[in-house]
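# Topology and contacts: notes
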Amino acid sequence: LRRQDAPAVVQGDIDEAGDELRAREVSRGFADDEEQMLASAEVETANVQGLRKPRYLNRIKTGYEWNKYNQAHYTPEEPPPKTVQGYKFNIFYPDLVDPSKPPIYKLEACPGSDDFAILRFKAGPPYRDVAFKIVNQQWESQPKRGFRCVFERGILTLAFNFKRWRYRR
């Protein structure tokens, strides 16, 4: 996983309020177990004339999975490969026509792959849909386990961790 400073800006796609919100979120920094999601994880959606793409700052929560196999074959000095443990999506909608109607997200199957899913965000005018390719695993849906879905001050925040399966005989 690599870090990326900013997604590419398409001409005619200027959103200064979204840039300010994004800059404020970037200034908070990343935790040790977080990395920025690359723009390449974005799935192309239909480009509707007159609608602009919302700004976003997405984070991937990564970590080591210390299962029995990894405990036997790796050490803390030479750890196993990092795995994706969750995501945090921050999508900025500062200029929504109807701010009382919150944006929605929808999880769709990824064509040709059972390992991935497409997470699509819909908000309405003046923004077009934005979609991301994520790992297809079961989510923790309890707030005490990290699930959060909030739309306030023009920012949609969706954060979730994946369920961790414990091996038992």
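Described below are features of the structure shown in this document. (Residues numbered from 1 in each chain as written. Predicted model: local features only at pLDDT ≥ 70, side-chain atom pairs only at ≥ 80, totals over all residues. Heavy atoms only, no water.)

This part is about the packing of aromatic side chains. Enumeration over the complete set of coordinates arrives at 13 aromatic pairs. Taken together, a centroid distance of 3.7 Å and an interplanar angle of 10° make the contact between Trp 139 and Phe 160 stacked. Here Phe 160 lies in strand β9 (residues 155–161) and Trp 139 lies in the loop between β7 (130–135) and β8 (148–152), a separation of 21 residues in the sequence. The class of Phe 160 is buried, set by a relative accessible area of 1%. In textbook terms, an aromatic cluster arises when at least three aromatic residues are bridged by ring pairs, as seen for Tyr 56, Tyr 87, Phe 89, Tyr 105, Phe 121, Phe 132, Trp 139, Phe 160 and Phe 162. Taking the ring centre of Phe 116 as reference, the NZ or CZ of Lys 133 above it sits at 4.9 Å. (Phe/Tyr/Trp six-rings, centres within 6.5 Å; stacked < 30°, edge-to-face > 60°. Helix = DSSP H or I, 4+ residues; strand = E, 2+ residues; numbered from the N terminus. Buried < 20%, exposed > 50% of the residue type's maximum accessible area, 1.4 Å probe, protein only. Lys NZ or Arg CZ within 6 Å of the ring centre and 35° of its normal.)

Turning our eyes to something else, we now look at the pairing of β8. Summarising the sheet, β8 and β9 pair through 5 bridges and their orientation is antiparallel. Within the sheet, the bridge partner assigned to Arg 148 lies in β9 and is Ala 159. (Pairing = 2+ DSSP bridges.)

Here the focus is unusual backbone geometry. The omega angle of the peptide bond from Pro 125 to Pro 126 is 5°, so this bond is cis rather than trans. Located in the positive-phi region is Arg 153, a residue other than glycine, with phi close to 55°. Mapping Arg 153 onto the fold places it in the loop between β8 and β9. The class for Arg 153 is exposed, based on a relative accessible area of 69%.

What follows concerns the pairing of strand β3 (residues 55–63). When you tally the buried positions in β3, you get 8 out of 9 residues, the bulk of the element. The pairing of β3 with strand β4 (residues 83–92) spans 9 bridges and is antiparallel. Note on β4: the bridge partner recorded for Ile 60 is Tyr 87.

To continue, consider the nonpolar core. Counting residues in each nonpolar core, the largest one holds 22 residues, and the members touching the most others are Phe 89, Tyr 93, Phe 121 and Phe 160. Put simply, the parts of the chain that give this core at least two residues each are β3, β4, β6 (116–122), β7 and β9. A per-element tally of this core places β7 first, with 4 residues. Setting aside its immediate chain neighbours within four residues, Tyr 93 contacts Pro 54, Pro 103, Phe 121, Ala 123, Tyr 127, Val 130, Phe 151, Gly 154 and Leu 156. (Core = buried A, V, L, I, M, F, W, Y, C linked by side-chain atoms within 4.5 Å. Contact = heavy atoms within 4.5 Å.)

This part is about the side chain of Asn 161. Mapped onto the fold, Asn 161 is located in strand β9. Within polar-contact distance, the side chain of Asn 161 engages the backbone oxygen of Arg 145 at 3.1 Å. (Polar contact = N/O pair within 3.5 Å; in protein donor to acceptor, adjacent residues only side chain to side chain.)

Moving on, we get to the layout of surface pockets. The computed volume of the largest pocket comes to approximately 480 Å³. Lining the largest pocket are 16 residues, and of these Glu 65, Asn 67, Arg 164, Trp 165 and Arg 166 lie nearest its centre. Mapped by element, the contributors of at least two residues to the lining of the largest pocket are α2 (68–73) and β4. In terms of residue class, the lining of the largest pocket is built from 5 nonpolar, 6 polar and 5 charged. (1 Å grid on protein atoms, 1.4 Å probe; cavity = no way out; pocket = protein on both sides within 12 Å on 5 of 7 lines; lining within 4 Å. Points joined across faces, edges and corners; volume = space filled by probe spheres on them. Nonpolar A, V, L, I, M, F, W, Y, C, P; charged D, E, K, R; others polar.)

So, about the pattern of salt bridges. Opposite charge on two side chains allows them to pair when their charged atoms are near. Across all of its chains, the model carries 5 salt bridges by this definition. With a shortest N-O distance of 4.0 Å, Arg 145 and Glu 140 are connected by a salt bridge. Assessed through its relative accessible area of 45%, Arg 145 is described here as partly exposed. (Salt bridge = Lys/Arg side-chain N within 4 Å of Asp/Glu carboxyl O.)

Structurally, Tyr 64 can be placed in the loop between β3 and α2. Here Tyr 64 falls in the partly exposed class, since its relative accessible area comes to 33%. C-alpha of Tyr 64 to C-alpha of Pro 81: the two residues are 17 residues apart in sequence and 6.7 Å apart in space. Residue contacts for Tyr 64: discarding those within four places in its chain leaves Pro 79, Pro 80, Pro 81, Lys 82 and Gln 85.

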